[in-house]
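Listed below, chain by chain, are the residues.
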Amino acid sequence: MTRGNDSQETADKTLSRQNEVNRKLKYTSLAILVVQNASLILSIRYVRTLPGDRFFTTSAVVMAEVLKVLTCLLIILVQKRVNIRDFVLSLYDSIVVQYKDTLKLAVPSLIYTLQNNLQYVAISNLPAATFQVTYQLKILTTALFSVLMLRKSLSRVQWISLLLLFAGVAIVQVEQEGKVKETSVKGGASQNYAKGLVAVVVSCLSSGFAGVYFEKILKGSSASVWIRNVQLGIFGTLMGLLGLWWNDGEAMAATERGFLHGYTPMVWGVIFNQAFGGLLVAVVVKYADNILKGFATSFSIIVSTVTSIYLFGFHVDLLFTVGAGLVIGAVYMYSLPKPAGPTPSTAGPSLSSSSPPRGELGDGVGDSEMDAFLPKTSGKEKGC
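Just so you know, these numbers come straight off a predicted model, no measurement behind them.

The rules behind these values
Residues numbered from 1 in each chain as written. Predicted model: local features only at pLDDT ≥ 70, side-chain atom pairs only at ≥ 80, totals over all residues. Heavy atoms only, no water. Helix = DSSP H or I, 4+ residues; strand = E, 2+ residues; numbered from the N terminus. Buried < 20%, exposed > 50% of the residue type's maximum accessible area, 1.4 Å probe, protein only. Contact = heavy atoms within 4.5 Å. Areas by Shrake-Rupley, 256 points an atom, 1.4 Å probe, with all protein chains shown as cover. Salt bridge = Lys/Arg side-chain N within 4 Å of Asp/Glu carboxyl O. Phe/Tyr/Trp six-rings, centres within 6.5 Å; stacked < 30°, edge-to-face > 60°. Lys NZ or Arg CZ within 6 Å of the ring centre and 35° of its normal. Axes fitted to C-alpha atoms, helices over the stretch in contact; angles between N-to-C directions. Parallel < 35°, antiparallel > 145°, perpendicular 65-115°, else oblique. Left-handed = near helix turned anticlockwise from the far one by under 90°.

## Examining the overall build of the protein
Along the backbone of the protein there are 13 helices and 0 strands. Beginning at the N terminus, the succession of helices and strands in the protein can be written as α-α-α-α-α-α-α-α-α-α-α-α-α. Among the 384 residues that make up the protein, the fraction classed as buried is 50%. Sequence-distant contacts, at least 24 apart, represent 79% of the contacts inside the protein between residues at least 6 apart. Summing over all exposed atoms, the protein offers an accessible surface of approximately 18200 Å²; the carbon and sulfur share of this is 66%.

Have a look at this one:
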């Protein structure tokens, strides 16, 4: 009897310790998600507004892709216990022998490369806070593409949250449009707001379609998430180089440093954040539930707005506050668990922020930022 009580007590203590560890990990995950989401946007905005030589954003996209591929290759090598032969054979089989499987990733890779370039364009022409709020439209586009392409169902709360999300973004755009007109009258416009708005909208559309398309073609696939990222990265690098040559080839050839023109420690910081931030979030997100990720996105919007006030002189008025508040509330509502159906056989599949197209941090219906980095497996695994 005593032995049984001791065993139960030991089990209770172990469970208690595990719960405490999980609780700490969740709070740590929340902090990391908020910092990564906000810092990437703020840092890009900062380096794009500094005086002096501007770096080529197309080269930054290529550099980030190269770093992602190298990171994933290193992880695969470690998984193979640094056995070079097994490492090479694994890559050869996955990429060359199964070339049809590899070619499937050409479409999403092209879209992700386009999306990454568009994000630079958008952030260069929009206030960081405005971009952060407007970029949440990717939740709406991902949800709609999931319903149309994957026949997923949304709960009533999720549909309401999408309407609130659209309304909040619309209010913010109306408010910002007024500021743009006022600025242009004063002759102080230095950026193209319309260009930035088009870029972020197209980026949201591409993010939603590519994520859902990626999820669709990868369902049932047994390929490693790291292999998938290598395949994505190969196409991403090639397409990024093509875009670089097409858009900035002549200007780059005319500069002394070429590919690395305008690169400063801050620019390198942005590239590393973009390349490895997704991997970091992919790791910590395992300890974050849907509600926590919703909080993280909401907090990152607040952090971006507050920081923009001090760094960029961003002015927050009542209309922006209302619009941003609706977006924050919508993001949180969308992340709430979908009510269980009557029976497993009748309940339709749900689309939640934990069922992202690319995995976890595509965030699926949600993030950054690393959208081009994190794979959308069947919806739960997330990686590089």
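## Brief notes about the pattern of salt bridges
Counted by the stated rule, this structure contains 2 salt bridges. Residue Lys68 is joined to Glu65 by a salt bridge in which the shortest nitrogen-to-oxygen separation is 3.4 Å. Taken together, the residues Lys68 and Glu65, both in helix α2 (residues 57-79) and 3 residues apart, mark about one turn of the helix. Assigned by exposure class, Lys68 and Glu65 land together as buried.

## Concerning the packing of aromatic side chains
According to the stated counting rule, one finds 11 aromatic pairs in the structure shown. The interplanar angle of 80° and the centroid separation of 6.1 Å between the aromatic rings of Phe55 and Tyr120 together place this pair among those described as edge-to-face. Here Phe55 is found in the loop between α1 (2-49) and α2, whereas its partner Tyr120 is found in helix α5 (residues 106-125), with 65 residues between them in sequence. Each member of the pair, Phe55 as well as Tyr120, is classed as buried. Ring centres 6.2 Å apart and planes at 50° place the aromatic pair Trp268 and Phe272 in the tilted group. One end of the pair, Trp268, and the other, Phe272, are both in helix α11 (residues 265-284), 4 residues apart, so they sit about a helical turn from each other. The class for Trp268 is partly exposed, based on a relative accessible area of 29%. Each residue in the set Phe55, Tyr120, Phe259, Tyr263, Trp268, Phe272 and Phe276 is aromatic and connected to the rest through ring pairs, giving one cluster. Here Arg45 stacks its cationic end above the ring of Phe312, 6.0 Å away from the centre of that ring.

## Considering the packing of α2 against helix α3 (residues 84-97)
Running from N to C, α2 and α3 point in directions that differ by 125°, and their axes come no closer than 9 Å. Accordingly, the angle class assigned to the pair α2 and α3 is oblique. By crossing handedness, the relation of α2 to α3 is classed as right-handed. Touching Leu73, Ile76 and Leu77 of α2 are Ile84, Phe87 and Leu91, all from α3.

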